[in-house]
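Coordinate inspection notes
So the chains spell out like this:
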Amino acid sequence: MHSTIIIRIIISSLAATTASAQSCALQFDGRVPANLGLAGFDAANQVFSNANVLGAGLKFSQLLQLPQAVGGSLFDVDTVPVEVTISDASIFNGQTGFRRAELLPASNSGTDPSTAGVKTLHFSVLKDAQRPLNLSHEYQLAFLESNDFSTNQFVLKTGTVLGQQGAADPDTLQLFGNVNQNQLLFSVPFQPGVFHNFAVTLDFDALTTQVFFSAGNDPLEAVTGVVNNDVSGQGQFHFGVLKKPVGGVGDITRNGFQPDAIDEGIIFGGIFEEDSSGGCVSLSP
Ligand SMILES: *[C@@H]1O[C@H](CO)[C@@H](O)[C@H](O)[C@H]1NC(C)=O
């Protein structure tokens, strides 16, 4: 084991037209090319799965938005943000207790190298003032679901987190480790009008996690040390809106209350994963 983690700081170029100088080897790139277009998400593409996760009978072009006014997130140099929205039709696989829609990286099969070795996952989230979440509910915005669907090895939540003792202000982003241990790794107020940038280094050999964060265009900074977290079990990364019910008992995928006539969304940017086996973590583009 290396006793130190070497953080390679990439100094950003002032020339806005320069291609991304992010220089750790990429595992996958979920940054959306400006020319992909909404219809591009319905066909097989190099960025995200066109099959999962979305409500029965829906197409991604019906639930995604490409909001141009917000500008790119920290790592969107030549790429654009994408918004994931949910409606009353966002019922996936008979899960009537949930409303959900999520983007899954195209190459992330559940057993691919994105969940092996040491990898750093990057993503940014921004509120849509026109499609606010209902903070009476718990939402999962980004998570790794194990390949046997038995756990989430990390999960970014907001809203009223079910079962949480001494509950935080629900308008908070809370990043938890493996839900079987339910360790809160990091939390930050979910401010309007600014991207919240996360990087999560996942060591699938040592079973540890380290969290990096910044707001807006600031470079990422480590906000935790390297902490024990059971990231075993491989699986798939999800980015979107998974709204849990209130008042559910037992299997909440199929019971509990969900209000009607919803129109809610979260804007994502800068989704990619890099190889950190040599200690490489990009803190800025
Ligand atoms: C928010 O959710 C609660 C619980 O489901 C519901 O009672 C309330 O009507 C919802 N508020 C809005 C504005 O939809």
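Preceding this section is the structure that the text describes.
Before going into details, it helps to say that this report is about the structure given with it. As the structure is a computational prediction, the values presented were derived from the model and not from experiment. (Residues numbered from 1 in each chain as written. Predicted model: local features only at pLDDT ≥ 70, side-chain atom pairs only at ≥ 80, totals over all residues. Heavy atoms only, no water.)

Digging into the overall build of the protein
Test applied: A run of H or I in DSSP counts as a helix once it spans at least four residues, and a run of E counts as a strand once it spans at least two, with each numbered from the N terminus. Here the radius of gyration uses the C-alpha set of atoms, whereas the globule reference equals 2.2 Å times the residue count to the power 0.38. Note on exposure labels: buried denotes an accessible area under 20% of the residue type's maximum, exposed denotes more than 50%, and partly exposed covers the range between, all computed with a 1.4 Å probe on protein chains only. Only heavy atoms enter the contact rule, under which two residues are in contact if any of them lie within 4.5 Å. Working definition of accessibility: Shrake-Rupley area with a 1.4 Å probe, residue cover restricted to the visible protein chains. Asp and Glu are treated as the negative residues and Lys and Arg as the positive ones, with His and the ends of the chain left uncounted. Throughout, a charge is located at the NZ atom of Lys, the CZ atom of Arg, the CG atom of Asp or the CD atom of Glu.
A count of helices and strands for the protein gives two helices and 17 strands. Radius of gyration (C-alpha) of the protein: 18 Å, near the 19 Å computed for a compact globule of 285 residues. With the principal axes as the frame, the protein shows a C-alpha extent of 50 × 40 × 35 Å. Of all 285 residues assigned to the protein, the portion counted as buried reaches 52%. Pairs at least 24 apart in sequence give 66% of the contacts found in the protein among residues at least 6 apart. For the protein, the exposed area adds up to about 12100 Å²; of that, 52% sits on carbon and sulfur atoms. The average position of the 12 basic charges and that of the 26 acidic charges among the side chains of the protein differ by 5 Å.

Observations regarding the pairing of strand β16 (residues 236-243)
The following threshold applies: Here, a strand pair is defined by DSSP locating no fewer than two bridges between the strands.
In terms of burial, β16 is largely enclosed, as seven of its eight residues are buried. Pairing of strand β6 (residues 99-103) with β16 involves five bridges; the strand directions are antiparallel. Residue pairing in the sheet places Ala 101 in a bridge with Val 241 of β16.

Structural notes on the pattern of salt bridges
To keep things clear, this is the line we draw: The rule for a salt bridge is simple: a side-chain nitrogen of Lys or Arg has to be within 4 Å of a carboxyl oxygen of Asp or Glu.
Enumeration over the complete set of coordinates arrives at nine salt bridges. Among the ionic pairs, Arg 131 bridges to Asp 128, the shortest N-O distance being 2.8 Å. Side by side, Arg 131 and Asp 128 carry an identical accessibility label, which is buried. Among the charged side chains, a salt-bridge network with shared partners connects Glu 83, Asp 128, Arg 131 and Asp 263.

Observations concerning the packing of aromatic side chains
Stated formally: Put simply, two rings from Phe, Tyr or Trp (the six-membered ring, in Trp's case) pair if the centres are within 6.5 Å, and we call them stacked under 30 degrees between planes, edge-to-face over 60, tilted for the rest. In this analysis the charged atom, NZ for Lys or CZ for Arg, is taken to sit over a ring once it is within 6 Å of the ring centre and within 35 degrees of the ring normal.
Tallying each qualifying case throughout the model produces nine aromatic pairs. Taking the centre distance of 5.9 Å and the plane angle of 55° together, the rings of Phe 28 and Phe 237 count as tilted. In this pair, Phe 28 sits in strand β1 (residues 26-29) while Phe 237 sits in strand β16, placing the two residues 209 residues apart along the sequence. Pairing Phe 198 with Phe 213 gives two aromatic rings, centres 5.1 Å apart and planes at 65°, and the pair type is edge-to-face. Of this pair, Phe 198 sits in strand β12 (residues 196-203) while Phe 213 sits in strand β13 (residues 208-215), and the two are 15 residues apart along the sequence. Phe 213 carries the same exposure label as Phe 198, and that label is buried. Put simply, the rings of Phe 123, Phe 186, Phe 198, Phe 213, Phe 239 and Phe 268 pair up and form one aromatic cluster. One cation-aromatic arrangement involves Arg 31 over Phe 272; the distance from NZ or CZ to the ring centre is 4.2 Å. Sitting above the plane of the Phe 190 ring, Lys 127 keeps its charged end 5.1 Å from the centroid.

Notes on the nonpolar core
Going by this rule: Within this scheme, the nonpolar core is defined by two criteria: the residues are buried Ala, Val, Leu, Ile, Met, Phe, Trp, Tyr or Cys, and they are joined through side-chain atoms within 4.5 Å.
Residues Phe 41, Phe 123, Val 125, Leu 141, Leu 156, Phe 198 and Phe 268 are the most contacted members of the largest nonpolar core, which totals 45 residues. Formed by eight residues, the second largest nonpolar core is a distinct cluster that contains Phe 75, Phe 212, Phe 272 and Leu 283.

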